[in-house]
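Residue-level structural notes
Listed below, chain by chain, are the residues.
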Amino acid sequence: MNSNLPIGVFDSGVGGLTVAKEIMSQLPDETICYFGDTARVPYGNKSQETVIKYSRQIASFLLDQKVKAIVIACNTASAFALETLQREVSVPVIGVVKPGARSAAEVSKNGRIGVIGTEGTVRSGLYGTYIRELRPEVQVFGQACPLFVPLAEEGLCNDEVTMLMARRYLAPLLEQGVDTIVLGCTHYPLLRGVVGHVAGPNVTLVNPAFETAKDLKELLTSRGMCAESGRTPEHRFYVSDGAEQFRAFANSILPCEMIETDAVTVKVFA
Ligand code: DGL
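Read on for an overview of the structure. (Residues numbered from 1 in each chain as written. Predicted model: local features only at pLDDT ≥ 70, side-chain atom pairs only at ≥ 80, totals over all residues. Heavy atoms only, no water.)

**Details of the overall build of the chain**
- Across its full length, the chain holds eleven helices and ten strands.
- A compact globule built from 270 residues would reach a C-alpha radius of gyration of about 18 Å, and the chain, at 18 Å, matches this within 12%.
- Expressed as lengths along the three principal axes of its C-alpha atoms, the size of the chain is roughly 50 × 40 × 35 Å.
- A fraction of 77% describes how many contacts in the chain between residues 6 or more apart in sequence connect residues 24 or more apart.
- When the accessible area of the chain is evaluated, it comes to approximately 11700 Å², of which 49% is carbon and sulfur surface.
- Seen as two clouds, the 25 positive and the 29 negative side-chain charges of the chain have centres 5 Å apart. (Helix = DSSP H or I, 4+ residues; strand = E, 2+ residues; numbered from the N terminus. Rg over C-alpha atoms; globule rule 2.2 N^0.38 Å. Contact = heavy atoms within 4.5 Å. Areas by Shrake-Rupley, 256 points an atom, 1.4 Å probe, with all protein chains shown as cover. Lys, Arg positive; Asp, Glu negative; His and termini not counted. Charge placed at Lys NZ, Arg CZ, Asp CG, Glu CD.)

**Digging into the nonpolar core**
- Ranked by internal contacts, the top residues of the largest apolar core, which has 36 residues, are F10, L62 and I70.
- Of all elements in the fold, only strand 2 (32-36), helix 2 (48-64), strand 3 (69-72), helix 3 (75-88), helix 4 (97-107), strand 5 (112-117) and helix 6 (126-134) reach the threshold of two or more residues within this core.
- Residue contributions to this core peak at six residues, all from helix 2.
- In this structure, I7, Y34, A213 and M225 belong to the second largest nonpolar core, which totals 29 residues. (Core = buried A, V, L, I, M, F, W, Y, C linked by side-chain atoms within 4.5 Å. Buried < 20%, exposed > 50% of the residue type's maximum accessible area, 1.4 Å probe, protein only.)

**Section: the sheet that holds strand 6 (residues 139-144)**
- Spatial strand order, 6-5-7-8: four strands in an open sheet with parallel pairing. Only two strands of the sheet have a single partner each, and these edge strands are strand 6 and strand 8 (204-206). Across this sheet, the average inter-strand angle for adjacent strands is 25°, counted without regard to direction.
- Inspection of the sheet shows strand 5 paired to strand 7 (residues 180-184) by five bridges, in the parallel sense. (Pairing = 2+ DSSP bridges. Axes fitted to C-alpha atoms, helices over the stretch in contact; angles between N-to-C directions.)

**A look at the packing of helix 1 (residues 17-26) against helix 10 (residues 208-222)**
- One can describe the packing of helix 1 onto helix 10 by two numbers: an axis separation of 8 Å at closest approach and a directional angle of 45°. What the angle tells us is that helix 1 and helix 10 run oblique. Handedness of the helix 1/helix 10 crossing: right-handed. Listed contacts from helix 10 to T18, V19, E22, I23 and Q26 of helix 1 are A209, F210, T212, A213, K214, L216 and K217.
- The class makeup of the residues in the contact of helix 1 with helix 10 is six nonpolar, three polar and three charged. (Parallel < 35°, antiparallel > 145°, perpendicular 65-115°, else oblique. Left-handed = near helix turned anticlockwise from the far one by under 90°. Nonpolar A, V, L, I, M, F, W, Y, C, P; charged D, E, K, R; others polar.)

**Let's talk about the site of the ligand**
- Taken together, the neighbourhood of the ligand is formed by D11, S12, V41, P42, Y43, G44, C74, N75, T76, T118, C185 and T186.
- Between the ligand and G44, the relevant distance is 2.8 Å, taken from an oxygen atom to a main-chain nitrogen or oxygen of the residue.
- Within the contact set of the ligand, an oxygen atom lies 3.0 Å away from a backbone nitrogen or oxygen of N75.
- Relative to its free-state accessible area of 300 Å², the ligand is covered by the protein chains to the extent of 99%. (Near = heavy atom within 4 Å. Polar contact = N/O pair within 3.5 Å; in protein donor to acceptor, adjacent residues only side chain to side chain.)

**Side note on the pattern of salt bridges**
- Counted according to the given criterion, the structure contains eight salt bridges.
- Of the charged contacts, one joins E244 and R247 as a salt bridge, the two residues approaching to 3.4 Å between their closest N and O atoms. Within this pair, E244 and its partner R247 are both found in helix 11 (residues 243-253), separated by three residues, close to a single helical turn.
- For E244, a relative accessible area of 53% puts it in the exposed group.
- The exposure class of R247 is buried, given its relative accessible area of 15%.
- One salt-bridge network, in which partners are shared between bridges, spans R102, E106 and D215. (Salt bridge = Lys/Arg side-chain N within 4 Å of Asp/Glu carboxyl O.)

Quick look at the structure:
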């Protein structure tokens, strides 16, 4: 295996760029081959069967791009399709849920943890399952926040509308006395300021994107799969629709020079 091959990173759309950004920062030698399924977003309200179907198609596309590992940079797809892809795909696959759950289990002092995410992620209960594997006594409270994704995509990350919704969504968790909240959706790190403000200084926010990049680094190191150091990676970005909007959003999140080139290509699945 050529260790300079890219890491495949995929999401239902633009949200996974928060994970790509962490990978670029923690593993600067690695090349990213990103796929955002912008034609079929959102995944958060779709069935497990549908999300598995989409994830299989994207994994197959990424394997055609000769990736050496795959990161499912989408909480919903991680919750629904990680085990399937790990079973079926010939390269290592990691998701964002397990790293986020581990970090939450580590940081919570009072054993009361809130998880915010899409309907699908919350319904799957997977954060709770992983957290309780590590700390069986912990109580996990899930809260779906469906409006957070469009608010983040509209660039309203620090807007009063977002503040209002954050108050409404977080109230049940804060009433339960959680001391930790997992940002269990790829878009939520972008709303960190508002969520942190509403949750207050006594609540720790866990960002699975950061933890996932750490796990990826460990995985590549332990398997001797790290790219040569000192190289300048040429990241590639693919979307299934709306390349221009994707590029604009990516430019607002990623270091600009990463995506100034014409790297965005539209790939549509049959
Ligand atoms: N990327 C999705 C997630 O992290 C959020 C957007 C969607 O619903 O597809 O769950």
